4 protein chains.
Amino acid sequence: MTAQTPPMGWNSWDCFGAAVNEEQVKANTDYIAENLKEYGWEYVVVDIQWYQPFADSHEYQPFSELVMDAFGRLIPAPNRFPSSANNTGFKKLAKYVHDRGLKFGIHIMRGMPRMAAHKDLKIKDSDFTAKQVADPNSICFWNPDMYGLKCESNEAGARAYYDSIFKMYASWGVDFVKVDDIAREYPRCRKEIELIHDAVKNCGRDIVLSLSPGPAPIAQAEHLKANANMWRITDDFWDEWRLLYDMFDRAETWCIHAGNGRWPDADMLPVGPIRQVYDPAERTRFTQAEQRTMMTLWCILRSPLMIGGEMTGFDPFTLGLLTNRNILDMHRLARHSHPVWRRRAAGTEWVLWTAACAEGGTYGALFNMGEGDAQLALPLEELELRGPLSCTDLWTGRQDAVAGSLQLTVEKHGVAAFLLR
Amino acid sequence: MTAQTPPMGWNSWDCFGAAVNEEQVKANTDYIAENLKEYGWEYVVVDIQWYQPFADSHEYQPFSELVMDAFGRLIPAPNRFPSSANNTGFKKLAKYVHDRGLKFGIHIMRGMPRMAAHKDLKIKDSDFTAKQVADPNSICFWNPDMYGLKCESNEAGARAYYDSIFKMYASWGVDFVKVDDIAREYPRCRKEIELIHDAVKNCGRDIVLSLSPGPAPIAQAEHLKANANMWRITDDFWDEWRLLYDMFDRAETWCIHAGNGRWPDADMLPVGPIRQVYDPAERTRFTQAEQRTMMTLWCILRSPLMIGGEMTGFDPFTLGLLTNRNILDMHRLARHSHPVWRRRAAGTEWVLWTAACAEGGTYGALFNMGEGDAQLALPLEELELRGPLSCTDLWTGRQDAVAGSLQLTVEKHGVAAFLLR
Amino acid sequence: MTAQTPPMGWNSWDCFGAAVNEEQVKANTDYIAENLKEYGWEYVVVDIQWYQPFADSHEYQPFSELVMDAFGRLIPAPNRFPSSANNTGFKKLAKYVHDRGLKFGIHIMRGMPRMAAHKDLKIKDSDFTAKQVADPNSICFWNPDMYGLKCESNEAGARAYYDSIFKMYASWGVDFVKVDDIAREYPRCRKEIELIHDAVKNCGRDIVLSLSPGPAPIAQAEHLKANANMWRITDDFWDEWRLLYDMFDRAETWCIHAGNGRWPDADMLPVGPIRQVYDPAERTRFTQAEQRTMMTLWCILRSPLMIGGEMTGFDPFTLGLLTNRNILDMHRLARHSHPVWRRRAAGTEWVLWTAACAEGGTYGALFNMGEGDAQLALPLEELELRGPLSCTDLWTGRQDAVAGSLQLTVEKHGVAAFLLR
Amino acid sequence: MTAQTPPMGWNSWDCFGAAVNEEQVKANTDYIAENLKEYGWEYVVVDIQWYQPFADSHEYQPFSELVMDAFGRLIPAPNRFPSSANNTGFKKLAKYVHDRGLKFGIHIMRGMPRMAAHKDLKIKDSDFTAKQVADPNSICFWNPDMYGLKCESNEAGARAYYDSIFKMYASWGVDFVKVDDIAREYPRCRKEIELIHDAVKNCGRDIVLSLSPGPAPIAQAEHLKANANMWRITDDFWDEWRLLYDMFDRAETWCIHAGNGRWPDADMLPVGPIRQVYDPAERTRFTQAEQRTMMTLWCILRSPLMIGGEMTGFDPFTLGLLTNRNILDMHRLARHSHPVWRRRAAGTEWVLWTAACAEGGTYGALFNMGEGDAQLALPLEELELRGPLSCTDLWTGRQDAVAGSLQLTVEKHGVAAFLLR
């Protein structure tokens, strides 16, 4: 089954915005293959507007000439992706990724290019034209490129268009598609999600379907689980403590819905060099403690893990953060994850999470949400356990025997993560 | 001052939808000139999509080729308005109307054609191009033709475009412009309303500015009064008793805001032959009593009066309805209009309105909102008057002396309207 | 008809809170009789808790022993109202007021004393007892004395109790009853209002029914008009500019509902010595301009006028404020009052009101809502008038001829009020 | 620690309403001791109004004379609880229960009797009197007996009263107190909950604190977990399928908050003879399948289990329902319980729950929410498991080996519950 474990990989958005190019993708592909693949990282995802020749930042330029084929299907801008020349799309870039034992992904916006509709292009392998299928009232409020499709009033036509693009992606060798302007667009995009889900199923290739942006509405949890592999539970996440702090609420809301190919997605990890499109000196503003907090929360929640930084510029800390075997084991083996409580004690605010380990034992993570380092004695009964037990500190690897309580010291914004057996 | 009294005229929508043509406009112009002008009726207004060659009903066709000039300004479709040939716009049709002592109006949608933006046409008398001024995120939710303008982020460009179209309308001889997709679009169109207001002031011709559709928000009453001559207080009004019944609430909400060139607009009067574009046999479904109720409410409220029916097919009743001197005097002379009360009595629901008469005396209108004819004795003190007084029944012209109470018999859905002096 | 014009008088709350006594009432009665009666002021109203022996301020003391008769009817506390000895209630005090040509009013809370219910007293002239009629779940949220009645589940019992108290008030000679904890308590007190209305009608004496506190909900305007003579449109009003500023919104909301014995009530006028119960030196914090603004707004709205200050301490300004013939004429003769507009000009915010004068002519009032003195030229057409006209300044009495515009200079927080004929 | 596992027992409400008497309590105590104690059932709880001599049903009678001591503390009505004579309270009845190896519980309303406040009784071991502590504005909307306390404005006094009653309960030997009119009364009762929590801690005896009624607000989960052992997540639950159907949503909302002495409470189990106060022939309207569904949901959620029926009238099915070792093991051993999904398949609606078993293995429960029997093949991977495994059907005890999928047949409104190892 597709995405049986939560997908792990790299995405170009945090470092390159809409402007990433082939050279950058290849460099990062090489980096993953050499440094991260053995730890489970495998997807290389090209984010938004790879069809826009003039993209140069995280901003969008209205009314640009996007590169598309005669059937209104967007194709890579050859000035940014030279290997796409001769109408081969991402075939060669995907092969480059596959050749290194990795998987290739792309981002798309729901709908079809406005240009295709105004030009009334023919839809491939169908009798419909773009004017019949595009819905001029269905637009994205933060990107000017597309019209949504008439999924209700011309379902056959909308289906034909989505089938036409996913068949093309399958022919390119795409393994992962992140569809944008859709995950929080209930109820108006409910049917559009279903048509995209069907197009994925029918395209002839295993493709992971990821929906963005969030927050997806919790009331639609069952619909999302039935139609996608992952969906964003938050608006764009960046390197600010406030956003990380707030993610605990979203994680609590969604934790029971993770499992078996369905993954609430807490968004990319803004680590290492990011926002490179503005200044190559830019690095994440998260402290090391905050980065461990982030990794711990994403892993115990079993969120997909998508690196946002330019990896070739990683320092040893960042590489270590992403290659800690204990933490990545938790990402793979945690089951039934959930918060236990949130409370004030010892001058700070604490959040305690737990999960069962599929190979036996109980995971715990005690987060210090406050503004200073702090200590806490955590009785085992708070996790409904009884000692004596062996306790492994996941970040340091240190093992201790524990009888009544864990004695934990946790940095400001930091975490103590452990496995009790 | 423009629109010192509430505008009166004819509008093509109720009978011809988006499909009206020059011949129909001329025929109705002739009818007004001959039959209605002497009663104060003067505007002839061509409603939506006169620039759409293929319009054939009240429906809109997305992605149509609209007729526009090199500056992205919509111009009449010559197949429907032959006099507009040779790039003369509505000049000749306006002259036709003016020659008969009447005034000429048109409908427009806010913004510029989407086509103009995608083609990036130059904006007349400016250095801006359409791409710089159109806002791809600002669309109308019921019509696919236009993009709103970047009134905040490129005010100068938006101003230039609106100036360019109103100068063209002035050059055509337009006296009245109904701008659509705007009156209820607060807060997002607040600035757009101001720019249109400015363009009207700067165009070099007296033009009545009418904003649609409603319901305009009452919280914006002062902004509307400062920027427009009339604004819709209701969504589209048609010939259904429920809509007429509900208009009493809207009229109550807005009554104190009428006066001195500022008019809450209860929408067109669907009388006589309407929906002609589907079936020439179609007539208003309102009873005669309901039509008198409608005219009475519109007149005491001092709403603009825009006939919606195909006038050449009027029967004597309809012509009489629109040419009752007493009622039209109330439309001209009522001041400080407002409802007095709404109550159940004698087995029905009654609504009592009143107004001062600018030439002395007090208007009253007692509406029977219920499902059967009914009688009521109305003490003069309900209108804070003391007898003896002379009472003129506005619809029949009959005069009576009245001491303590008016003895009124009112049909189901009907009205007794009177002037007390 | 009762309250054919909006009631005018004095109320003990602003100066004495819950603690007013007989001596104070008599002194103020004498003052009205000598100084204000000839101007139309006539009601003397004893506000809340005249049955509470220990009241000493504007605060309430829970679980106090209230003075009541054997039928659970509250009667005056004899230590505060010695003339009520021998179970004569307010008979002698009412006579004192009547003997001076004035009218006497009292305040009550809806419901019956909690004490009466817990003691299960008999209800006069009925077979019900208090336990059967009191609703233990219907309490007031700001006063601890009463239980509301079971108006729905024991309508006959509730009716019996209300009849019993209003018959007693009638026997005392009460002319005005202000019922509290009720005007904004829709929907739960809808039926209770109707029972009180019926009790007033059946008590055998003309009694003005006033409902408090506000804001009464505008959606209930027709119910209030059908069941009461006046109802508060605002929470308690005191001598703060912000409260006066906000009253313009409430006045706009309610203006069309005034007339013919039904009066939206903007609350007492906190003028002269107020809050006497705390400090005899306390005077209104309103400036003179603000007091003229208040009087002008109340009068053009035709709100009831209830003086809140201790009148025996009035200075000449305060007496003059309340005895200006022109302003009081407007209170009596204004018809169809309403605001015209609210706008910024000349560096300040203006509000313009108008009304017809029942004896001919048009009232206008231009309020300067801003923080500095300002001037404005007001074209007559803003009031839909045409010159030449004679203009009387209501506050100064000065008369001028006016052709095109009124040239008005208005103080900060002040008003120019005028009659145009 | 108190209530380390979710409390199990019997409560008098469903069968006897407010009217239960000593004889009935003793008969049910005997029944538990003989038939249920060995399965973990231990609490015997006397529900509301044991201090009301005239209670005869589920209805409340306002203004009744409740039995209380000189300090305003309610004590058992001796006509209903003869053993309480001589001011011994529930001491003898508690001893009766304790002597049979069980625990004794009572219900109280928050606050103090209104009567105590109106009589201004002294508060035991303090200088406060009832008038100083009762808040006349804090009432219950469905029961007329009490006033809430001034927990904010007189915290010391409120604390003194709550301490005085819990010390009395401790002296009686009470093990469990259900406090009513409080769990959903946030924010106004937030402080009152804290004072009651403190009084429990300070009373000198282990007492389980249960808060009612629901739905408690999920936003207050951490406050509830910090201050109570159990709290109602639902309004009163009765024997209607609609209520049981709806409980799945509440269970999903609250499931992650169960554990370690803190239990979301789905309310009593209306099984066997209920509503006995009206008709001794009354039995639960739930089908047997529905009762198994209810028990399964309550047990996997680890809700407290409180039998609502008159146990001496149990039939074999009901006794079997409550003594199934496998199901009760799940109630004791389930950890990290949560729903997996809710979906339509095979013509019905399914809900799948899971939990880890503290002794190894995974619990699952597949509920058929639809209106007909149905079958489903459930792949083990839906529970993130891989075969071969042993599967024990909890209700029948049957064991099977399972490789890829479970083949499940489930009755209308029924459940298949199993343990996989």
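Calculation criteria
- Note that residues are indexed from 1 along each chain, following the sequence as it is written.
- Chains carry letters and ligands carry numbers; both start at the beginning, A for chains and 1 for ligands, and go up in the order they are written.
- Only residues with pLDDT of 70 or above have their local features reported here, since the model is predicted, and side-chain atom pairs are shown and tallied only from 80 upward, although totals for entire chains, interfaces and linings are computed over all residues.
- The basis for every side-chain value is the complete set of heavy atoms in the structure, and neither hydrogens nor water enter the calculation.
- Numbering of helices and strands runs from the N terminus, with a helix taken as a DSSP run of H or I at least four residues long and a strand as a DSSP run of E at least two residues long.
- As defined in this context, the radius of gyration uses C-alpha atoms, and a globule is described by 2.2 Å times the residue total to the power 0.38.
- Burial classification: accessible surface area is computed with a 1.4 Å probe over protein chains only, and a residue below 20% of its type maximum counts as buried, one above 50% as exposed, and the rest as partly exposed.
- We call two residues in contact whenever any of their non-hydrogen atoms come within 4.5 Å of each other.
- Asp and Glu count as negative and Lys and Arg as positive, but His and the ends of the chain are not part of the count.
- By convention, charge coordinates are those of NZ in Lys, CZ in Arg, CG in Asp, or CD in Glu.
- The buried area of a pairing is the accessible area, by a 1.4 Å probe, that goes missing from both parts when the two are put together, added over both.
- One side-chain nitrogen of Lys or Arg within 4 Å of one carboxyl oxygen of Asp or Glu is enough to make a salt bridge.
- In protein, a polar contact requires one atom able to donate a hydrogen and another able to accept it; more generally it is a pair of N or O atoms within 3.5 Å, and residues adjacent in sequence count only if both atoms are side-chain atoms.
- Classes in brief: Ala, Val, Leu, Ile, Met, Phe, Trp, Tyr, Cys and Pro nonpolar; Asp, Glu, Lys and Arg charged; the others, Gly included, polar.
- Two strands are counted as paired when DSSP detects at least two bridges linking them.
- With axes taken as lines fitted to C-alpha atoms, and helix axes fitted only over the stretch in contact, angles between N-to-C directions fall between 0 and 180 degrees.
- The atoms used to superpose the copies are C-alpha atoms, taken from residues with pLDDT of at least 70 in both, and the fit is least squares.
- Expected span of a helix: the number of residues minus one, times 1.5 Å.

Chemist: Teacher, can you tell me more about the overall build of chain A here?
Modeler: Along its length, chain A carries 12 helices and 19 strands. Relative to the compact-globule value of 22 Å for 421 residues, chain A shows a C-alpha radius of gyration of 22 Å, a close match. Seen through its principal axes, chain A has C-alpha atoms that stretch 70 × 40 × 35 Å. Here chain A holds 421 residues, and 65% of them are scored as buried. Here the contacts in chain A between residues at least 6 apart in sequence split such that 73% fall between residues at least 24 apart. Separation between the mean location of the 45 positive side-chain charges and that of the 55 negative ones in chain A comes to 4 Å.

Chemist: Sorry, what's going on with the interface of chain A and chain B here?
Modeler: When the parts come together, some accessible area is lost, and that loss is often what is quoted as the size of the interface. Chain A puts 18 residues into the contact, and the matching count from chain B is 18 residues. Surface buried jointly by chain A and chain B totals about 1,600 Å² across both partners, of which 63% is contributed by carbon and sulfur atoms. Of all residues in chain A, Phe63(A), His118(A) and Asn137(A) bury the most surface against chain B, accounting for 43% of the area lost on that side. Our enumeration of links across chain A and chain B arrives at zero salt bridges. Along the contact surface separating chain A from chain B lie 10 residue pairs in polar contact (both at pLDDT 80 or more). Among the elements of the structure, helix H4 (114-119) and strand S5 (134-139) of chain A are those that each provide at least two residues to the side of chain A that touches chain B. If you tally residues by element for the side of chain A that touches chain B, the top one is S5(A), at four residues. Classifying every residue of the side of chain A that touches chain B gives 11 nonpolar, four polar and three charged.

Chemist: Is there a simple way to explain the sheet that holds strand S13 (residues 348-357) of chain A in this structure?
Modeler: In any sheet, the strands associate via hydrogen bonds between backbone groups, in a parallel or an antiparallel arrangement. Residues and elements named next belong to chain A. Read across the open sheet, the six strands follow the order S12-S13-S14-S19-S16-S17; overall the sheet is antiparallel. The sheet is open, and its two edges are formed by strand S12 (334-345) and strand S17 (399-402), each paired on a single side. Between one strand axis and the next, the sheet turns by 25° as a mean value, whatever way the strands run. By the bridge criterion, four bridges tie strand S16 (residues 389-393) to S17 in an arrangement that is antiparallel. Of the residues in S17, the one forming a bridge with Leu389 is Val402. Sheet strands touched by helix H9 (residues 241-254): S12, S13 and strand S14 (362-368). Its angle to S13, the strand with the most contacts, is close to 40°.

Chemist: Any chance you could explain the pairing of strand S1 (residues 8-11) of chain A here in plain terms?
Modeler: On any regular strand, side chains alternate: one points to one face of the sheet, the next to the other face. All names here are of chain A. Burial along S1 is two-sided: Met8 and Trp10 and Gly9 and Asn11, pointing in opposite directions, are all buried. For S1 and strand S2 (residues 43-46), the ladder comprises three bridges, and the chain directions are parallel. When the sheet's bridge partners are listed, Asn11 is paired in S2 with Val45.

Chemist: Before we go on, may I ask you to explain the relation of the copies chain A and chain B in this structure?
Modeler: Between the two copies of this chain, the relationship is a rotation about some axis together with a displacement along it. Of the two same-sequence chains, chain A is brought onto chain B (RMSD 0.0 Å, axial shift 0.1 Å) by a rotation of 180°. Read as a symmetry element, the transformation amounts to a two-fold axis.

Chemist: Help me understand the environment of Tyr96(C) in this model?
Modeler: Residues and elements named next belong to chain C. Secondary-structure assignment places Tyr96 in helix H3 (residues 91-99). Given the relative accessible area of 17%, Tyr96 is considered buried. Separated by 19 residues in sequence, Tyr96 and Ala77 place their C-alpha atoms 18 Å apart. Aside from chain neighbours lying at most four places away, what touches Tyr96 is Lys26, Thr29 and Asp30. At 2.7 Å, the side chain of Tyr96 and the side chain of Asp30 are in polar contact.

Chemist: What's the story with helix H2 (residues 22-35) of chain D in this structure? I'm lost.
Modeler: Working note: α-helix, 3.6 residues per turn, so residues spaced by three or four point in the same direction. Residue and element names in this part refer to chain D. Helix length check: H2 (14 residues) gives 20 Å between terminal C-alpha atoms against 20 Å at 1.5 Å per residue, within 8%. Among the residues of H2, Glu22, Val25, Asn28, Thr29, Tyr31 and Ile32 are the ones counted as buried. N-capping of H2 is provided by Asn21, with a side-chain oxygen placed 3.2 Å from the backbone N of Glu23.

Chemist: Would you explain the sheet that holds strand S13 (residues 362-368) of chain B in this entry?
Modeler: Residue and element names in this part refer to chain B. Here we have six strands laid out as an open sheet, ordered S11-S12-S13-S18-S15-S16, and antiparallel in their pairing. The sheet terminates laterally at strand S11 (334-345) and strand S16 (399-402), the two strands that pair on one side only. Here the strands of the sheet are splayed against their neighbours by 25° on average, with no regard to which way each runs. In the sheet, strand S12 (residues 348-357) pairs with S13 via seven bridges, with the strands oriented antiparallel. Looking across to S13, one finds that Leu352 is bridged to Leu366. The strands touched by helix H10 (residues 288-301) are S11, S12, S13 and strand S18 (415-420); relative to S13, the strand with the most contacts, the crossing angle is about 145°.

Chemist: Please explain the relation of the copies chain B and chain C as it appears in this structure.
Modeler: Here chain B sits on chain C after a turn of 180° about the axis and a move of 0.0 Å along it, with an RMSD of 0.0 Å. The share of interface residues of chain B whose copies in chain C are also at the interface is 100%, consistent with both copies meeting through the same surface.

Chemist: What's the story with the side chain of His197(D) in this structure? I'm lost.
Modeler: Residues and elements named next belong to chain D. Turning to its location among the elements, His197 is positioned in helix H7 (residues 190-202). Taking the relative accessible area as the measure of exposure, His197 reaches 18% and is therefore buried. Engagement of the side chain of His197 in a polar contact is seen with the side chain of Asn227, the distance being 3.5 Å. Setting aside residues no more than four positions away along its own chain, His197 makes contact with Leu209, Ala226 and Asn227.

Chemist: I tried to follow the interface of chain B and chain C on my own but got confused; where do I start?
Modeler: At the interface, 28 residues of chain B touch 28 residues of chain C. Carbon and sulfur atoms supply 44% of the area that chain B and chain C bury against each other, a total of about 2,100 Å² over both sides. Looking at the side of chain B facing chain C, the largest losses of area belong to Ile256(B), His336(B) and Glu384(B), adding up to 33% of the total buried there. Applying the counting rule to chain B against chain C returns four salt bridges. Applying the counting rule to chain B against chain C returns 17 residue pairs in polar contact (both at pLDDT 80 or more). Elements supplying a minimum of two residues to the side of chain B that touches chain C: helix H8 (221-227), S11 and S12 of chain B. A total of eight residues in the side of chain B that touches chain C trace back to one element, the largest contributor, which is S11(B).

Chemist: Looking at this model, I keep getting lost on helix H2 (residues 22-36) of chain C. Mind explaining?
Modeler: All names here are of chain C. Taking 1.5 Å of rise per residue, 15 residues should cover 21 Å, and H2 covers 20 Å from first to last C-alpha, within 8% of that figure. Listed as buried for H2 are Glu22, Val25, Asn28, Thr29, Tyr31, Ile32 and Leu36. Buried residues belonging to H2 abut strand S1 (8-11), helix H1 (13-16), strand S2 (43-46), H3, strand S10 (305-307) and helix H11 (316-321).

Chemist: In this structure, what is going on with unusual backbone geometry? I would like to understand it.
Modeler: Excluding glycine, a negative phi dihedral is what most residues carry, and trans is how most peptide bonds are arranged. Cis rather than trans, the peptide bond between Ser212(A) and Pro213(A) has omega equal to -20°. Its location among the elements puts Pro213(A) in the loop between strand S8 (208-211) and helix H8 (221-227). Pro388(C) follows Gly387(C) through a cis peptide bond whose omega is 0°. You can see Pro388(C) is positioned in the loop between strand S14 (374-379) and strand S15 (389-393). Despite not being glycine, Gln49(C) shows a phi value in the positive range, around 70°. For Gln49(C), the location among the structural elements is in the loop between S2 and H3. The buried category is assigned to Gln49(C), whose relative accessible area is 1%. In this structure, Asp125(D) takes a positive phi of about 55° despite not being glycine. Residue classification places Asp125(D) among the exposed residues on the basis of a relative accessible area of 70%.

Chemist: Help me understand the pattern of salt bridges, please; the structure alone is not making it clear to me.
Modeler: Two side chains carrying opposite charge are able to pair once their charged atoms lie near each other. Following the criterion strictly, the structure yields 134 salt bridges over all chains and no others. We note a salt bridge from Asp47(B) to Lys178(B), for which the minimum N-O separation is 2.9 Å. With Asp47(B) in the loop between strand S2 (43-46) and helix H3 (91-99) and Lys178(B) in strand S6 (residues 176-180), this residue pair connects regions lying 131 residues apart in the sequence. Of the residues examined, Asp47(B) reaches a relative accessible area of 3% and is grouped as buried. Judged by its relative accessible area of 8%, Lys178(B) is buried. Residue Glu42(D) pairs with Lys103(D) through a salt bridge whose shortest N-O separation is 3.8 Å. One end of the pair, Glu42(D), is in the loop between H2 and strand S2 (43-46); the other, Lys103(D), is in strand S3 (residues 103-109), with 61 residues separating them in the sequence. Taking relative accessible area as the criterion, Lys103(D) reaches 32% and is therefore assigned partly exposed.

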